[in-house]
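Letter by letter, the chains look like this.
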Amino acid sequence: MLTPGNKKLGGHLIWGFGLPSGTAKLCPGMTPTCRRVCYAVRMQAFRPQAAKLYRKNLQRTKRKDFVKRVRAFLCSQGVRVVRIHTAGEFVSPRYARKWLRIIARSPKVKFFTYTRVWQLQDFAEVLGELARLPNLSLWYSCDRDTGLPEVVPPRVRIAWLMTASDEVPPATADLVFRTQALRKHPAEAVNGVAVCPAENGTTPSTTCDRCRLCWRPPDTRRASSTPLPMTATPS
């Protein structure tokens, strides 16, 4: 179900939960940009055992006792930090609400996740509820196709996917992720926005369990839902 660590997450502190990805049905909110560079799709192609686990996890999410089973797993393994969706996405509002219940009932566990379903109105209510959970760090994933959301709920942060060297991430983003090719060129920040320390080319040994930026409590500077300017990026 959940697996401990990986190359980027680090050792056994952070456990991950993954689902299949790469189609609009599996990844609502998917954009041409994220589909083109998706690491999860590539990984599933070259690691059949991981792909098999993700398919099995997808079936588990449909069980009536999914919430109970995940909670039991967290308790039995003494899990402290969970990365929701090392691959995959919130496939439906109903599924997202299952994680809402898991997180709300696990106050001693820290959770973090990135999502593009913020673009879909059907998810607005549950994302707002998720954002209010104090032990969840919720990130809205954005790229040149999505632009920035018009409104960002309190406690939600913006992760920008940079896919070209001439791309200028919006200064109002909180973090930049870069594709593999761009990581060959060291950059701790782009347009004043920090680059993920594991991808900046200057701190290659950094892992999520050491960095903690993505799963520590977010900056609460957005005291209320904050409109952000839509930012055009090079096409």
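Here the residue index of a chain counts from 1 through its sequence in written order. In keeping with the predicted nature of the model, local features appear solely for residues at pLDDT of at least 70, side-chain atom pairs appear and are counted solely at 80 or more, and the whole-chain, interface and lining totals rest on all residues. Side-chain descriptors were evaluated using all non-hydrogen atoms of the structure, hydrogens and water having been removed beforehand.

**Q** Just to check I follow, could you spell out the environment of P169 for this structure?
**A** Here P169 shows up in the loop between β7 (157-162) and β8 (175-178). Each residue is placed in one exposure class: buried if its accessible area under a 1.4 Å probe, protein chains only, is under 20% of its type's maximum, exposed if it is over 50%, and partly exposed if it falls in between. With a relative accessible area of 0%, P169 lands in the buried category. Through-space distance from the C-alpha of P169 to that of S106 is 35 Å; in sequence the pair is 63 residues apart. In this description, contact between two residues means that some pair of their heavy atoms is separated by no more than 4.5 Å. Those residues within four positions of P169 in sequence are excluded, and the remaining contacts are W160, M162, V176, V190 and N191. Secondary structure counts use DSSP, requiring at least four H or I residues in a row for a helix and at least two E residues in a row for a strand, with both numbered from the N terminus.

**Q** It is not clear to me how the sheet that holds β7 should be interpreted in this structure. Could you clarify?
**A** Here 7 strands make up an open sheet; going across it, the order is β1-β2-β3-β4-β5-β7-β8 and the pairing mixed. Bordering the open sheet on either side are β1 (3-6) and β8, each of which pairs with just one other strand. On average, adjacent strands in this sheet sit at an angle of 35 degrees to one another, irrespective of strand direction. Pairing of strand β3 (residues 81-84) with strand β4 (residues 110-115) involves 3 bridges; the strand directions are parallel. From the neighbouring strand, V81 faces β4, where its bridge partner is K110. Any two strands with at least two DSSP-identified bridges between them are counted as paired. Axis definition: a line fitted to C-alpha atoms, limited for helices to the stretch in contact. Angles are taken between N-to-C directions and run from 0 to 180 degrees.

**Q** Is there a simple way to think about the side chain of N57 in this case?
**A** Locating N57 in the fold gives a position in helix α3 (residues 48-61). A 3.5 Å cut-off defines polar contacts: any pair of N or O atoms within that distance qualifies, except that in protein one atom must be a possible hydrogen donor and the other a possible acceptor, and neighbouring residues in sequence count only when both atoms are side-chain atoms. Reaching out from N57, the side chain makes a polar contact with the backbone oxygen of M1 at a distance of 3.2 Å. Polar contacts involving the side chain of N57 include one to the side chain of R60, which spans 2.8 Å. Residues in contact with N57, not counting those within four places in the same chain, are M1, F17, G18 and L19.

**Q** Just to check I follow, could you spell out a positive patch on the surface for this structure?
**A** The patches described consist of residues with a relative accessible area above 30% and no salt bridge, like charges being joined within 9 Å and nonpolar side chains (Val, Leu, Ile, Met, Phe, Trp, Tyr) within 5 Å. Areas reported here follow the Shrake-Rupley algorithm with a probe of radius 1.4 Å; residue values treat only the protein chains shown as occluding. Criterion for a salt bridge: a side-chain nitrogen of Lys or Arg within 4 Å of a carboxyl oxygen of Asp or Glu. Residues counted as positive are Lys and Arg, residues counted as negative are Asp and Glu, and His and the chain ends are not counted. Where a charge sits is defined by one atom per residue type, namely NZ (Lys), CZ (Arg), CG (Asp) or CD (Glu). Among the surface-exposed residues, K52, R55, K56 and R69 lie close enough to one another that they form a single positively charged patch. Considering every element that reaches the positive patch, the biggest residue donor is α3, with 3 residues. With respect to the secondary-structure elements, K56 resides in helix α3.

**Q** So what exactly am I meant to see when it comes to the pairing of strand β2 (residues 10-17) here?
**A** A regular strand carries its side chains on alternate faces of the sheet. Buried residues dominate β2, accounting for 6 of its 8 residues. Note: β1 against β2, 3 bridges, orientation antiparallel. Counted as the bridge partner of N6 is G10 from β2. The antiparallel hairpin formed by β1 and β2 contains 3 residues in its connecting segment. Direction of pairing for β2 relative to β3: parallel, over a ladder of 4 bridges. Each bridged residue has a counterpart across the sheet, and for W15 the counterpart in β3 is V82.

**Q** Before we go on, may I ask you to explain the packing of aromatic side chains in this structure?
**A** Working definition: an aromatic ring pair is given by the centre-to-centre distance plus the angle between the planes. Geometry of aromatic contacts follows a simple scheme: Phe, Tyr and Trp rings, the Trp one being its six-membered ring, pair when their centres are within 6.5 Å, and the pair is stacked under 30 degrees between planes, edge-to-face over 60, tilted otherwise. The full count for this structure, using the stated rule, is 11 aromatic pairs. Where F66 meets W99, the ring centres are 6.0 Å apart and the plane angle is 80 degrees; that geometry is what we call edge-to-face. Taken as a pair, F66 in helix α4 (residues 66-77) and W99 in helix α5 (residues 93-104) lie far apart in primary sequence, 33 residues in all. Comparing F66 with W99, the two get one shared label, buried. Between the aromatic rings of Y114 and W139, the centroid separation amounts to 6.0 Å while the plane-to-plane angle is 40 degrees, which identifies the pairing as tilted. With Y114 in strand β4 and W139 in strand β5 (residues 136-142), the pair connects residues that are 25 residues apart, well separated along the chain. As far as the burial class goes, Y114 and W139 line up, both buried.

Scope: geometric values only; no functional claims are made or implied.
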